[in-house]
Amino acid sequence: MDLSVILALDVLNGAASLFLLCLGLAIIFGMMKIINLAHGEFVMLGAYATVLSTNAGLNIWIAMLVVAPVFVGLVGLVIERCLIRFLYGRLVDSMLATWGLSLFLIGLVTTLFGNTINGVPTPLGGFEIGAYRSSWYTIFLVAMALAMMALVYGVMRFTRFGLVARAVMQNPGMAATLGVNTAHIYMATFALGAAVTGLAGGLLAPVSGITPVMGSAFVAKSFITVVGGGAAIISGTASAAGLFGLVNQMGAYLTTPVYGEVILFLSAILLIRLLPQGISGRFFKGTL
Amino acid sequence: MTRQTSLALQSLALLAAILLVVALPSYMDLFTLMQVTLFAAMGVLSLSLAFIWGFGGILSFGQTAFFGLGAYAYAIAAINFGDSTNAILLAVLVPGLFAAALGYFVFYGRISEVYLGVITLTVTLILFNVVNSTAGDSYTIGTARLGGFNGIPAVPTFNMPYSPSDILSPEASWWVTAGALIGVYLLLRLLLASSFGRVAVAVRENETRAALLGYDPRIIKLGVFVVGGAVAGLAGALYVNWGAFVGPTIFSLSISAEIIIWITIGGLGTLLGPIVGCFLIQYLVSQIGSQQAFNANLVLGVILVAFVLLLPQGIVPTIRDGLLRLARLGRPRRDAKSLASEPHAAGAK
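What comes next is a walk through the structure. (Residues numbered from 1 in each chain as written. Chains lettered and ligands numbered in written order. Predicted model: local features only at pLDDT ≥ 70, side-chain atom pairs only at ≥ 80, totals over all residues. Heavy atoms only, no water.)

## Focus: the packing of aromatic side chains
Counted under the stated rule, the structure contains 16 aromatic pairs over all chains. Within the aromatic cluster, the residues linked to one another by ring pairs are B:Phe66, B:Phe98, B:Phe107 and B:Phe225. (Phe/Tyr/Trp six-rings, centres within 6.5 Å; stacked < 30°, edge-to-face > 60°.)

Now the structure itself:
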């Protein structure tokens, strides 16, 4: 009984982290059809922003929830203006250029801060269920994932920006004809996606190893989840994150964490083979 | 240029390349020779992706999966057999078969370009994670211990065919590696001139149209993918021969990224460009490695972005078009693709 509760918590934790990691990518990919291979480095920048500002004496919650997303959002804005806007509609070139960007960011951070940096301690402490221990931070991550889901849904569904953004997503040409400045929407979307990714980086900073190359551990996982989820930003990403989180944690429990990841990847490839449009291409058609 | 002069020029360039390869050890110290041997091994790797991406239209982000599989296959077989001859064959065969299995899945599932990149990337990461976790005595194949993150040290290097005691000297290793580079280049050129190669290019240009003409794009792409995998495997064996060591970092994303950079800056859709790009970038990285001020990734990233934005064609096609414009003098232009690797570009190398 105790074990099953802990396992359920693990699965929830895995799904929540995966959802937080993928949401920014899903926003950028779903809306702009830009493959951002520098996604992992946005996570890394968020984590670095959190660690550096915490070590400089800032409150960890402010560092995580405010500094990380704002900083990475601004970085995203600059990158969109300097690089991404030349690449709309050039799918392969966008992949190459963002991969170059990812190398550049890794190199820059390594040059500035070296190969390692001190992490931050995990806040909140732990609690016990029978013979097992878990940390409150796990619960907090799940709560944050739910909050982000609600927030993005609210923005997309009920604000004017969300309405216009969804219009651009469906048909950029038509939206432009109706007087929407698509360039501005793309710019805002990219910055928003970057900010959400930065937030994920901040939230994961206390629970992951922080190095300049940490992003590469996330990038394939995030991509496979977004692709497995399909076009719908929230329902697709959430269902794929839930599914893969479950598969990953159960695989890790039954074998080792390494084979848990292998099982995750193999099942993801299988899913893409069976549902080439992703989960939301089949089951949540036309939803957000 | 008529066909005869073009052919004559190409043979001349080939002859020059062979002479250069033969003569090089007498003019170089051992350290430089070893470095150039590594460059040549990586040149074979660049050819593998140049072929499948440039002529098959298959952008694989995980070409290192085959490179690493070839390297591990060679290392394990060479330790077990004590003789490198069959090990080299296995290093070509194993990645080729793996590419066939993966390619069947991908191409017969009609998975789109984007997902193909994602899948090959993931496969590389899977292999990295799996090999990385094989530390410990239980993970052995025959007499070879996999060694996990420590890799396999002291792998036997190449010997004369079926004569394990005649181990190749560094000079002979250079001749073998550079010879392999020239050989693979020639083989791929011949393959591209064959009807298979022409159909492959047709599929790259327009899959639907090729299918309507009666070709099955799936089997063509699969064939291209398998050839690329086998060539990458050979590169893996050459790489292990250079260092007598193989570790899991051979599956790393940074090498995958580097191959793509070589091709982007050298010129996609040519065979020569990627080799030029490979030598240039490796030389650059080794130069950057000798100083401490900044990280090599920084420079590579800037170069890749700059080429994608400013010179998407790459170096070799740009030089080629420039030379053609000079040489043409009003005659009608020939199809650029058929001139993909003209010998005057070889002179540029």
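Having seen the model, we can carry on.
## With respect to the nonpolar core
Core analysis: the biggest nonpolar cluster contains 194 residues, and A:Leu203, B:Leu45, B:Tyr72 and B:Tyr74 have the highest contact counts within it. Those residues in contact with B:Tyr74 that sit more than four places away from it in its chain are B:Ser84, B:Ala87, B:Ile88, B:Ala91, B:Val155, B:Pro156, B:Thr157, B:Phe158, B:Ala237 and B:Val240. (Core = buried A, V, L, I, M, F, W, Y, C linked by side-chain atoms within 4.5 Å. Buried < 20%, exposed > 50% of the residue type's maximum accessible area, 1.4 Å probe, protein only. Contact = heavy atoms within 4.5 Å.)

## Describing the interface of chain A and chain B
How large an interface is tends to be reported as the accessible area lost when its parts come together. The partner chain B presents 39 residues to the 39 residues of chain A that form the contact. Surface buried jointly by chain A and chain B totals about 3500 Å² across both partners, of which 83% is contributed by carbon and sulfur atoms. The three residues of chain A that bury the most area against chain B are A:Leu96, A:Trp99 and A:Leu103, which together make up 20% of that side's buried surface. If you look at where chain A meets chain B, you find 0 salt bridges. The interface formed by chain A and chain B includes 1 residue pair in polar contact (both at pLDDT 80 or more). Among the elements of the structure, helix H4 (91-113), helix H9 (215-229) and helix H11 (257-274) of chain A are those that each provide at least two residues to the side of chain A that touches chain B. Here the side of chain A that touches chain B takes 16 residues from H4(A), the largest share from any one element. (Buried area = accessible area lost by both parts, 1.4 Å probe. Salt bridge = Lys/Arg side-chain N within 4 Å of Asp/Glu carboxyl O. Polar contact = N/O pair within 3.5 Å; in protein donor to acceptor, adjacent residues only side chain to side chain. Helix = DSSP H or I, 4+ residues; strand = E, 2+ residues; numbered from the N terminus.)

## Side note on the pairing of strand S2 (residues 132-135) of chain A
All names here are of chain A. Where strand S1 (residues 126-129) and S2 come together, 4 bridges link them in antiparallel fashion. Counterpart to Ile-129 in the pairing with S2 is Tyr-132. In this antiparallel pair of consecutive strands, S1 and S2, the connection spans 2 residues, and Gly-130 shows a positive phi of 55°. (Pairing = 2+ DSSP bridges.)

## What to know about empty space enclosed by the protein
Summed over all chains, the structure comprises 1 cavity of 30 Å³ or more. Reported here for the largest cavity is a volume of approximately 40 Å³. A:Ile35, A:Leu37, A:Met95, A:Phe223, B:Phe61, B:Gly117, B:Val118 and B:Leu121 together form the lining of the largest cavity. Top element by residues in the lining of the largest cavity is helix H5 (residues 113-132) of chain B. It accounts for 3 residues. When grouped by side-chain class, the residues that make up the lining of the largest cavity number 7 nonpolar, 1 polar and no charged. (1 Å grid on protein atoms, 1.4 Å probe; cavity = no way out; pocket = protein on both sides within 12 Å on 5 of 7 lines; lining within 4 Å. Points joined across faces, edges and corners; volume = space filled by probe spheres on them. Nonpolar A, V, L, I, M, F, W, Y, C, P; charged D, E, K, R; others polar.)

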